[in-house]
Amino acid sequence: MSAPTGTVERVAGVFRICPTTGLKVHKDADALIKANAVVATVALLIGGLAAILVLLTRWQAVHLLDAVSFYRVLTIHGMNMLIFFILFFEMAVLYFASAVLLNSRVAAPKVGWFAFGLMVIGTVLVEWMMMAGRADVLFTSYVPLRADPTFYLGVILFAVGALIVVGIFFGTLVVAKRERTYEGSVPLVTFGALTAAIIAVITLVHGAAIYIPTYLWSLGVLAQVDAQVYRLVWWGLGHSSQQINVAAMVSIWYLLGALTVGAVVVNEKISRTAFVLYIAFISMASAHHLLVDPGFGPSWKVVNTSYFMYMAVLASMLHGFTVPAGVELGMRLRGFTQGIFGWLRRAPWGDPGFSSLWLSLVVFGFVGGITGVTFGTEQINIIAHNTLRIPGHFHATVVSGTAMAFMGVTYYVIPLIFRKKVAFYGLARWQPYLFAGGMLVFSMAMTFAGTFGVPRRHWDITFAGAPFNVGYSPAVDLLMAVMGIGGLIAAVGGGMYILITVVSVFFGKPLGEDCTSAALAGSVPPGVYTRPFTELPTEDVELEEHGRLGMMPGTMILVLIFLAAFVVYYFANWKLLSFVWRVG
Amino acid sequence: MHTTGVTSPKGVWWKPAHRSEKVWFTIAFIWCMVLFAMMPLWHLRGGQNPSGIRARVDADAYRARVTQFIQDYQVGSENGIPVVAPPAGSDVYLLGQMWQWIPILQLEQGAEYTLHLSSVDVNHGFNLYPFNINFQVVPGYDYGLRVTPTEAGDYRIVCNEFCGVGHHLMVGKVVVQAPGTASATTTTPNAAGGDR
């Protein structure tokens with residue numbers, strides 16, 4: 001493939017043309033992406049250190065922290081990972097998917113900085129309250145557990161800031177359309193980000209609806225916030241925010257597919273419809289946190305927890321096909337036509353962008369997705385609720401799924417946006433395997449321990465000092481140790497990521513003007529200089545049909561294996577449920 | 001012309017799906033319908049459903065009900081917690097509070113009880129060990145579940161919703177006796193450590 005050489009041109013002093021991608025990058029977009037990404041990394045570092053402490057306490061053989069510190073550090077872990085790291089990163093994704101991909105300016109950059117400021121102030125307030133021990137209420141802060149009012153105020157400021165950024169994203173889409181910065185429709189990645197942004201509005205409105213009354217209650221203005229109503233509305237924030245992650249992650253899957261191997265979109269209609277299904281049905285998902293709650297009846301639970309007949313699960317299953325199918329088709333069109341899995345064998349497994357994409361896809365689907373849908377079934381939730389099965393599930397989705405995808409795309413953002421070489425590139429090639437592999441072991445050990453009834457969010461499962469003894473099976477000790485080891489491996493992977501990004505961004509070598517493979521090989525992911533995403537195969541290439549498996553036989557076999565695993569796990573859980581006491 | 005995720009499709013992109021995609025869509029859709037159908041089906045045929053009798057209840061009223069329940073059927077005490085043996089088929093009241101389950105229940109195998117769960121302070125989590133049965137215990141709400149203990153044994157109730165710094169101390173007890181063996185009961189004095 002021809003490697004372009006280009007110079008950094010300045011257009012009207014505002015845009016610079018990226019010599020690698022040919023995209024015009026607005027300087028404000030550039031700076032806003034950088035600022036949000038840097039704060040996200042700081043939050044990841046804090047949350048990651050907290051993760052190690054939590055891990056070494058739950059690993060009963062180590063049992064590092066005392067009870068007070070454990071719950072405090074667990075609160076810090078949850079807020080930093082699920083709120084601050086993820087949302088700051090998503091703000092960067094929104095600027096990227098609008099301004100950068102559409103070659104547009106940012107609609108209101110000054111407002112963008114104002115929003116960034118609000119989010120940072122909110123974050124600092126929350127961190128301060130948590131670390132000072134004035135908000136030992138965990139991530140969910142279920143009332144009537146009470147935190148300092150400043151904690152709730154911090155969350156509200158953060159959410160308002162995020163809502164403003166979402167508004168700027170919509171504004172940028174309008175600006176780009178009006179100023180004709182692109183032809184045709186918005187690219188699929190932007191479309192996916194748009195769905196994430198719409199879900200973000202739904203989420204943040206729920207956040208306001210629950211945190212404002214809770215703030216007033218903590219100040220003594222309101223007498224009471226109903227504990228069940230709190231759980232209902234809070235999960236409208238707590239779960240919907242995970243759906244922002246899903247939509248953003250799937251968008252990044254498509255993005256990484258394009259950047260690393262030039263994956264094509266097999267059918268725009270299918271992929272975009274699947275994103276629309278997320279918007280229409282995902283907000284009901286909050287209900288699957290309330291399946292064994294007293295406030296709601298069976299029909300409400302059945303309808304809502306199935307995201308209305310599992311239409312959002314259908315969406316994920318469609319993406320689970322179209323993303324690998326796009327990779328397969330893209331590679332076949334480029335000549336990787338050997339057999340059924342030749343394209344997969346010859347894929348760039350040393351490209352951290354590609355390995356991240358694939359690991360994220362597989363662990364999210366096989367572990368996170370299957371367990372999530374199974375535990376989220378009304379009756380099966382009886383044998384899953386609040387046990388370690390739940391964090392086992394969501395670490396597979398949000399950590400080895402979302403965070404892994406975000407890490408993978410970072411290896412491209414460093415050269416494409418920050419214009420730096422990736423520091424310790426040799427380490428970067430290994431990082432996804434350590435991180436996702438460790439997380440996979442961690443999640444599975446946790447999930448299995450949960451089947452023995454081991455509770456989540458619990459300081460001491462030896463129950464020392466409790467009035468009655470509880471003796472878990474010796475298998476639990478083993479599983480907790482496996483969880484500990486898997487978690488530590490993942491922590492090493494996470495630490496490598498932080499080291500690589502911080503050194504690259506602040507002390508990294510500039511990319512320079514020479515974008516040839518000779519100049520860049522071994523210091524950035526190969527997609528940056530081979531640019532498969534800029535050379536689209538034409539329709540002329542004839543592809544072989546593999547009988548009933550069609551033109552994408554490898555993907556078809558993979559999704560059928562996935563379905564088989566899903567069916568087995570799902571019905572095995574019904575069987576497990578049938579062994580417990582009759583209850584109704 | 002193919003598109004990638006980062007290229008703008010030109011013209012109309014609403015085109016017929018690829019055959020493989022149609023096949024997978026159909027399989028996935030059918031599977032989603034199976035997933036959906038299983039829940040109502042289990043309500044009809046299955047023995048484990050989280051339906052229950054649900055009502056709002058004031059904390060003081062619930063505490064009074066539990067106190068009455070203990071007075072009616074108390075047969076002893078263990079570690080300072082009353083042991084209660086309600087008749088088969090009756091309403092059974094369990095109260096969660098920081099950081100205790102009150103009272104200790106003595107039930108008969110195979111009999112159906114309506115087990116009421118509520119909290120008088122914050123959220124708690126009902127986890128029956130070693131059977132992995134879990135329910136959320138929410139202050140202000142009475143969750144009345146019709147339960148049938150299917151096996152005799154010595155069970156624990158582990159709190160699995162974070163309820164403050166003493167969360168790990170919150171362990172309760174349920175004893176299920178085979179029918180006919182229900183004795184006057186074991187009255188253990190408040191010996192430290194109990195049956196540890």
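Conventions and cut-offs
- Residues numbered from 1 in each chain as written.
- Chains lettered and ligands numbered in written order.
- Predicted model: local features only at pLDDT ≥ 70, side-chain atom pairs only at ≥ 80, totals over all residues.
- Contact = placed C-beta atoms within 7 Å.
- Helix = DSSP H or I, 4+ residues; strand = E, 2+ residues; numbered from the N terminus.
- Nonpolar A, V, L, I, M, F, W, Y, C, P; charged D, E, K, R; others polar.
- Pairing = 2+ DSSP bridges.
- Core = buried A, V, L, I, M, F, W, Y, C linked by C-beta atoms within 7 Å.
- Buried ≥ 20, exposed ≤ 12 C-beta atoms within 10 Å, placed from the backbone.
- Axes fitted to C-alpha atoms, helices over the stretch in contact; angles between N-to-C directions.
- pLDDT = per-residue confidence, 0-100.
- Parallel < 35°, antiparallel > 145°, perpendicular 65-115°, else oblique.

J.: I tried to follow the interface of chain B and chain A on my own but got confused; where do I start?
T.: Accessible area lost during the coming together of the parts is what is often quoted as the interface size. Each partner contributes to the interface: chain B provides 81 residues, whereas chain A provides 92 residues. For the side of chain B that touches chain A, the secondary-structure elements that each account for two or more residues are helix 1 (19–45), strand 8 (124–129), strand 9 (133–137), strand 10 (141–148), strand 11 (153–159) and strand 12 (171–177) of chain B. No other element matches the 17 residues that helix 1 of chain B contributes to the side of chain B that touches chain A. For the side of chain B that touches chain A, the per-class residue count stands at 39 nonpolar, 30 polar and twelve charged. Sheet topology places strand 4 (residues 582–583) of chain A next to strand 10 of chain B; two bridges connect them, and they run antiparallel. Opposite Val583(A), over in strand 10 of chain B, you have Val147(B) as the bridge partner.

J.: Where do I start with the nonpolar core in this structure?
T.: Residues and elements named next belong to chain A. Counting residues in each nonpolar core, the largest one holds 258 residues, and the members touching the most others are Phe88, Ala92, Leu94, Tyr95, Ala162 and Trp253. Take this core: its biggest share by element is 24 residues, from helix 2 (residues 67–100). Excluding residues within four positions of it along the chain, Leu94 makes contact with Val165, Val166, Phe169, Ala193 and Ala197.

J.: What is the right way to read the sheet that holds strand 3 (residues 81–84) of chain B from this model?
T.: The strands making up a sheet are joined through hydrogen bonds of the backbone, oriented either antiparallel or parallel. All names here are of chain B. Spatial ordering of the open sheet is given by 2-3-6-12-11-8-9, a layout of seven strands whose pairing is mixed. A strand with exactly one partner marks an edge of an open sheet, and here the two such strands are strand 2 (74–78) and strand 9. Neighbour-to-neighbour, the strand axes of this sheet turn through a mean angle of 25°, independent of strand direction. Summarising the sheet, strand 6 (residues 104–108) and strand 12 pair through four bridges and their orientation is parallel.

J.: Would you take a moment to explain the confidence of the model for chain A for this structure?
T.: In regions of low pLDDT, the predicted coordinates are not meant to be interpreted in detail. For chain A, mean pLDDT is 91; residues scoring 70 or higher make up 95% of the total. A low-confidence stretch, residues 1–15 of chain A stays under pLDDT 50, and its non-local contacts, those more than four residues away or across chains, total 31 contacts.

J.: What's the story with the pairing of strand 12 of chain B in this structure? I'm lost.
T.: On any regular strand, side chains alternate: one points to one face of the sheet, the next to the other face. Where strand 11 of chain B and strand 12 of chain B come together, six bridges link them in antiparallel fashion. By the bridge assignment, Asp154(B) is partnered in strand 12 of chain B with Val175(B).

J.: Hey, could you run me through the packing of helix 5 (residues 188–219) of chain A against helix 7 (residues 240–261) of chain A in this one?
T.: Helix packing geometry: the angle between the two helix axes and the distance between the axes. All names here are of chain A. Between helix 5 and helix 7, whose axes approach to 8 Å, the crossing angle comes to 170°. If you check the angle between helix 5 and helix 7, you find them roughly antiparallel. Along the contact surface, helix 5 presents Leu188, Val189, Gly192, Ala193, Thr195, Ala196, Ile199, Ala200, Ile202, Thr203 and His206, while helix 7 presents Ser240, Ser241, Gln243, Ile244, Ala247, Ala248, Val250, Ser251, Tyr254 and Leu255. Partitioned by chemical class, the residues of the contact of helix 5 with helix 7 number 13 nonpolar, eight polar and no charged.

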